[in-house]
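Read off the chains here:
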Amino acid sequence: MIHGRLNFRIEAKSTDSRARAATLRTAHNEVRTPLFMPVGTQATVKGQLTQALEDAGSQILLANTYHLLLRPGPEVFRRIGGIHNFMSWKNSVLTDSGGFQIFSLTHSREMTEAGATFRSYLDGRTIVLSPELSIETQKAIGSDIMMVLDQCISSIADEATARDALGVTHRWAARSLAARGDSNQALFAIVQGALFPGLRRESANALSEMPFDGFAIGGLAVGESRAEREDMCELTAQLLPHDLPRYLMGVGTPLDILEAVHRGVDMFDCIIPTQVAQRGAAFTSRGFLQLRRSVYKFSETCLDPLCNCPTCSRYSRAYLHHLAKTGEHLGWQLLGQHNLYFYHQLMRDIRQSILEDRFLELYREKRAFLHESDADHPVKQQKPRRKMAFHLGNYEVHRAPEGFASIRQISSGEIMHARTPPMVEAHRLYIEQSDLPTRLRIRADEEASTEIAPLVIWDVGLGAAANAMAAILCYEAQAATGPIRPMDVISFENDLDPLRLAFLHNREFTYLRHPGVGGILAAGRWHSQRHSGLRWALVHGDFLASIPNAPAAPDLIFFDLFSSKTDGDHWTLAAFQQIYAACRGRAVELFTYTCSTPIRAALLAAGFQVAKGRSTGEKVETTVALTPAAVNGQSPAQHEMLGAEWLGRWSRSTARFPADVFPENQALFEQAIRDHPQFRGL
Ligand SMILES: [Zn+2]
């Protein structure tokens, strides 16, 4: 059966999964699904030539209506004859409607029934993006597939708010269809409904009544857990017409995509392939490789022995390692090209397996390695040597002139707690500032209840465990004074060498003479024998990638990673947005040792409110970030919020932007800071 403007035709369905393979026909090419669409927000996939994308097998690119409306503007597309001619692209284009971008402008937009009113970050003019204007712009851009303008819902919205937004989204969908008229461009609706199954059902039913050419699942991949996303994806996919394409917006890693195909989704887009390339990493048939690791320094082999992309056929891992270490743009480009090949090859493998009805077999096989890091050079620690070593892996014991010991990373020279003994600093910065003893007290309203929620601490950057042990020792001291609430310490770390090394030297690192440390090193978890409420767990791996694996959401975050010089990826706007999403709806306070202006700005733009933290020996000030719920009085600790003085200093500073805010987004970023609720009325 053939349906819609796209002649969508299902060729095969997996017998023991919901996976399906289909073809569709746009104005530019025949498209085979399941497929991945590289993201070309500004009519360019960052760092990639259109020829390279065609060679890699890109069938559809995603472009963004919001950005292209502001610049270059629809008139350019009208005169030049559409985006295909403009960017010299032969295959199809799908345009996002701009709803998601406007939704992200939390402080500088207004939503009404008519549309979304916002100020251009380029010239300050006010624009009302209505469903009609969005479609008119997408017609000018000339995309093959247009998306309706939808009202995105915050994932923390309550059900009533989510329901209201859903009504608007459905009315806008109908207006978008009317505005499309008899254009031959296809139009997809977007199912919303946050994480409420009832609303998802309502949305899918209402939209399925209208003659759309396909359906997108929106509002996912914005901070919910992997399990929540997979459940909601499965539910929504099954509610949609079976004979039209299904598109899961903004997802995801190769593993996420594999899981969603299994649940019946046909189309995907995500910035991950080029984004991880920028961070020096690649997906390969041998696992996920971080090319900055020194194991590749002398490696003459190609990136992925099973890949025949231009990067793999020509360049060695040693060269890619060098480019990643030096931050050269070519490294980003070459790794991005490989990653896009990898994604497209994965989709072709998936499709072939569905056509041959062996998808489940492929699913099991791929699932086993897609989340692995380098299989040939596992990120594992060598056994500590018998002889007392003063260095281990990339770390050595450092002795301060004042006599105390701490751990130094050899490659960067950075010392964990350089000027103050580790436990003294941990106590001042994290325990006293968060007022941990008070937080551990059981509140009057909880005394009667049998189950008291544990206080959850995210210890980001376990290092030599000074902060985690400071919290644990504080707990043990408080428990001696009477009943207190349970406490879960969740430590995130990708490299246990600092802790192993310090543990070998526990005559100097005396705080490590504690049964918890042995438990963490041996089993990755520890449950106190003396205090049943005290637990400590290790989440091993890169912090941002591990967030979905955290066993619980945080109340307190001790953010103590190596500095942005050494570990840039974790101090970006994107990183703090991800952390903020993990805190949704909760009163959370984050403490960190830096007072850097761009990092504070990134925290603000991510949605936190930001206060001055107390001085350490080394720094005059540190930083505290609070979620809105924490500001609204649930927090026992009092902080001095940043005010007009800081804002003034920030706007004069030459280092206003975190590393991942590119020039085209800087004006928007500045506006987000100026309009931040924290500075309202200044
Ligand atoms: Zn390759």
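Residues numbered from 1 in each chain as written. Predicted model: local features only at pLDDT ≥ 70, side-chain atom pairs only at ≥ 80, totals over all residues. Heavy atoms only, no water.

## Examining the overall build of the protein
Rules: Here a helix means four or more residues in a row that DSSP labels H or I, a strand means two or more in a row labelled E, and each is numbered from the N terminus. As a reference, a globule follows 2.2 Å times the number of residues to the power 0.38, and the radius of gyration itself is taken over C-alpha atoms. Any residue under 20% of the maximum accessible area for its type is buried, any over 50% is exposed, and the rest in between are partly exposed; the area is computed with a 1.4 Å probe on protein chains only. Contact criterion: two residues are considered in contact whenever any of their non-hydrogen atoms come within 4.5 Å of each other.
For the protein, the helix and strand inventory stands at 26 helices and 28 strands. Over its C-alpha atoms the protein spans a radius of gyration of 26 Å, differing by no more than 12% from the 26 Å that the globule rule assigns to 682 residues. The principal-axis extent of the C-alpha atoms belonging to the protein is close to 75 × 60 × 50 Å. Out of the 682 residues belonging to the protein, those deemed buried represent 57%. Within the protein, residue pairs in contact and separated by at least 24 positions form 69% of the contacts whose partners lie at least 6 positions apart.

## Observations concerning the environment of Val 31
Its location among the elements puts Val 31 in strand S3 (residues 30-33). Counting along the chain gives 25 residues from Val 31 to Leu 6, while the straight-line C-alpha distance between them is 9.5 Å. Dropping the residues within four chain positions of it, Val 31 is found in contact with Ala 22, Thr 23, Leu 24, Thr 26, Gln 59, Ile 60 and Ser 92.

## Here we look at the sheet that holds strand S19 (residues 405-409)
Stated formally: Criterion used throughout: strands pair if DSSP finds at least two bridges between them. To get an axis, fit a line to the C-alpha atoms, keeping to the stretch in contact for a helix; angles then go from 0 to 180 degrees between the N-to-C directions.
The strand order across the open sheet formed by three strands is S17-S18-S19, and the pairing between neighbours is antiparallel. At either end of the open sheet lies a strand with only one pairing partner, and these are strand S17 (391-392) and S19. Two elements, S17 and strand S18 (residues 395-399), share two bridges in a ladder whose sense is antiparallel. For Leu 392, the partnering residue across the bridge sits in S18 and is Tyr 395. The strands that helix H19 (residues 497-504) touches are S17, S18 and S19; relative to S18, the one it contacts most, it runs at about 50 degrees.

## Re the coordination of the zinc ion
Rules: In this analysis a donor is any N, O or S atom within 2.8 Å of a metal ion (3.2 Å for sodium, potassium and calcium), and since water is not included, sites may seem incomplete. Note on geometry labels: four donors, all angles 85 to 135 degrees, give tetrahedral; four donors become square planar and six octahedral when opposite donors are over 155 degrees apart and every other angle is between 65 and 115; remaining cases are irregular.
Within the first shell, the zinc ion binds the protein through Cys 307 (SG), Cys 309 (SG), Cys 312 (SG) and His 338 (ND1), at distances of 2.0 to 2.3 Å. Taken together, the four donor atoms coordinating the zinc ion and their angles of 102 to 119 degrees define a geometry best described as tetrahedral. The sequence motif formed by the donor residues of the zinc ion is C-x1-C-x2-C-x25-H. Here Cys 309, found in the loop between strand S16 (287-290) and helix H12 (310-314), pairs with His 338, found in helix H14 (residues 329-355); they are 29 residues apart in sequence, far enough to count as distant. Assessed through its relative accessible area of 0%, His 338 is described here as buried.

## Considering the packing of aromatic side chains
Heads up, the condition is: In this scheme Phe, Tyr and Trp rings, the latter by its six-membered ring, pair at centre separations within 6.5 Å, and the angle between planes marks the pair as stacked below 30 degrees, edge-to-face above 60, and tilted otherwise.
Under the definition given, this model contains 24 aromatic pairs. When the centroid spacing of 5.0 Å and the interplanar angle of 55 degrees are considered together, the rings of Phe 283 and Phe 288 count as tilted. Pairing Phe 559 with Trp 571 gives two aromatic rings, centres 5.0 Å apart and planes at 85 degrees, and the pair type is edge-to-face. Residue Phe 559 is located in strand S24 (residues 556-559), and its partner Trp 571 is located in the loop between S24 and helix H22 (573-582); the two are separated by twelve residues in the primary sequence.

## Examining helix H25 (residues 644-652)
Listing the buried residues of H25 in full gives Trp 646, Leu 647, Gly 648 and Trp 650. Looking at the buried side of H25, the elements it contacts are helix H23 (597-606) and helix H26 (663-674).

## What about the nonpolar core?
Keep this limit in mind: Here the nonpolar core consists of buried residues drawn from Ala, Val, Leu, Ile, Met, Phe, Trp, Tyr and Cys, with membership extended through side-chain atoms lying within 4.5 Å.
Judged by nonpolar contacts, the single largest core of 92 residues is most densely connected at Leu 436, Trp 458, Trp 536, Phe 559 and Ile 579. Those residues in contact with Trp 458 that lie beyond four places of it in its chain are Ile 490, Phe 492, Phe 543, Ile 547, Ala 550, Ala 552, Ala 553, Pro 554, Leu 556, Ile 557, Phe 558 and Ala 582. With 83 residues, the next largest nonpolar core counts Ala 12, Val 39, Ala 204 and Ile 354 among its residues.

## Focus: the packing of helix H7 (residues 159-180) against helix H8 (residues 197-208)
The test is simple: Oblique is the label for any angle not under 35 degrees, not over 145, and not in the 65 to 115 range, which are roughly parallel, roughly antiparallel and roughly perpendicular in turn. In this count, Pro and Cys sit with the nonpolar residues alongside Ala, Val, Leu, Ile, Met, Phe, Trp and Tyr, while Asp, Glu, Lys and Arg are called charged and the others, Gly among them, polar.
Two elements in contact, H7 and H8, have axes whose closest approach is 11 Å; the angle formed by their N-to-C orientations is 10 degrees. Here H7 lies roughly parallel to H8, going by the angle between them. Judged by residue contacts, Glu 159, Ala 162, Arg 163, Leu 166, His 170 and Ala 173 of H7 engage Leu 199, Glu 202, Ser 203, Ala 206 and Leu 207 from H8. Residues of the contact of H7 with H8, tallied by class, amount to six nonpolar, two polar and three charged.

## Structural notes on the side chain of Arg 229
Relative to the assigned elements, Arg 229 resides in helix H9 (residues 226-239). Given a relative accessible area of 13%, Arg 229 falls into the buried group. Once residues within four sequence positions are removed from consideration, Arg 229 is found in contact with Leu 220, Ala 221, Glu 224, Val 251 and Asp 256.

## Let's talk about the sheet that holds strand S4 (residues 35-38)
With parallel pairing, the eight strands of this open sheet are ordered in space as S4-S14-S13-S12-S11-S10-S6-S5. Since the sheet does not close on itself, it has two edges, and those belong to S4 and strand S5 (60-64), each with one partner. Strand-to-strand twist across the sheet, computed as the mean angle between neighbouring axes with direction ignored, equals 25 degrees. Of the pairings in the sheet, the one linking S5 to strand S6 (residues 92-96) comprises five bridges and is parallel in character. Residue pairing in the sheet places Leu 61 in a bridge with Val 93 of S6. On the sheet, H7 packs against strand S10 (145-147) and strand S11 (186-191) and is oriented at approximately 180 degrees with respect to S11. Each of S4 and strand S14 (267-270) is contacted by H14, which is oriented at about 160 degrees to S4, the strand it contacts most.

## Details of the pairing of strand S27 (residues 622-626)
Counting buried residues along S27, five of its five residues qualify, which places the element largely inside the surrounding structure. Neither face of S27 is exposed, since Thr 622, Val 624 and Leu 626 on one face and Thr 623 and Ala 625 on the opposite face are all buried. Relative to S27, strand S25 (residues 589-592) runs antiparallel, the two being bridged by four bridges. In the strand pairing of S27, Thr 592 is matched with Thr 623.

## Here's the deal with the pattern of salt bridges
Pairing between side chains of opposite charge can happen when the charged atoms of each approach one another. How we decide: What makes a salt bridge here is a side-chain nitrogen of Lys or Arg within 4 Å of a carboxyl oxygen of Asp or Glu, nothing more.
Inspection of the entire model under this criterion finds 34 salt bridges. A salt bridge links Arg 263 to Glu 259, with the shortest nitrogen-to-oxygen separation between them at 2.8 Å. Neither residue differs from the other here; Arg 263 and Glu 259 are each classed as buried. Taken together, the shared-partner salt bridges in this structure form one network comprising Arg 18, Glu 230, Glu 234, Glu 259, Arg 263 and Arg 367.

## A few points about the environment of Arg 279
Along the chain, Arg 279 turns up in the loop between helix H11 (272-278) and strand S15 (281-284). Given the relative accessible area of 23%, Arg 279 is considered partly exposed. For Arg 279 and Gln 290, which are eleven residues apart along the polypeptide, the C-alpha to C-alpha distance reads 8.2 Å. The contacts of Arg 279, once residues within four sequence positions are left out, are Gln 290, Arg 292 and Asp 569.

## Topic: the pairing of S4
The side-chain alternation of S4 yields two buried faces, one formed by Leu 35 and Met 37 and the other by Phe 36 and Pro 38. Inspection of the sheet shows S4 paired to S14 by four bridges, in the parallel sense. By the bridge assignment for S14, Leu 35 is matched with Met 267.

## A look at the environment of Val 45
Position of Val 45 among the secondary structure elements: in the loop between S4 and helix H1 (50-56). Measuring from C-alpha to C-alpha, the distance between Val 45 and Leu 62 comes to 8.8 Å, with 17 residues separating the pair along the chain. The contact partners of Val 45, leaving out residues within four places of it in the chain, are Pro 38, Val 39, Gly 40, Leu 53, Leu 61, Thr 274 and Leu 340.

The quantities given are spatial measurements derived from coordinates; they are silent on function.
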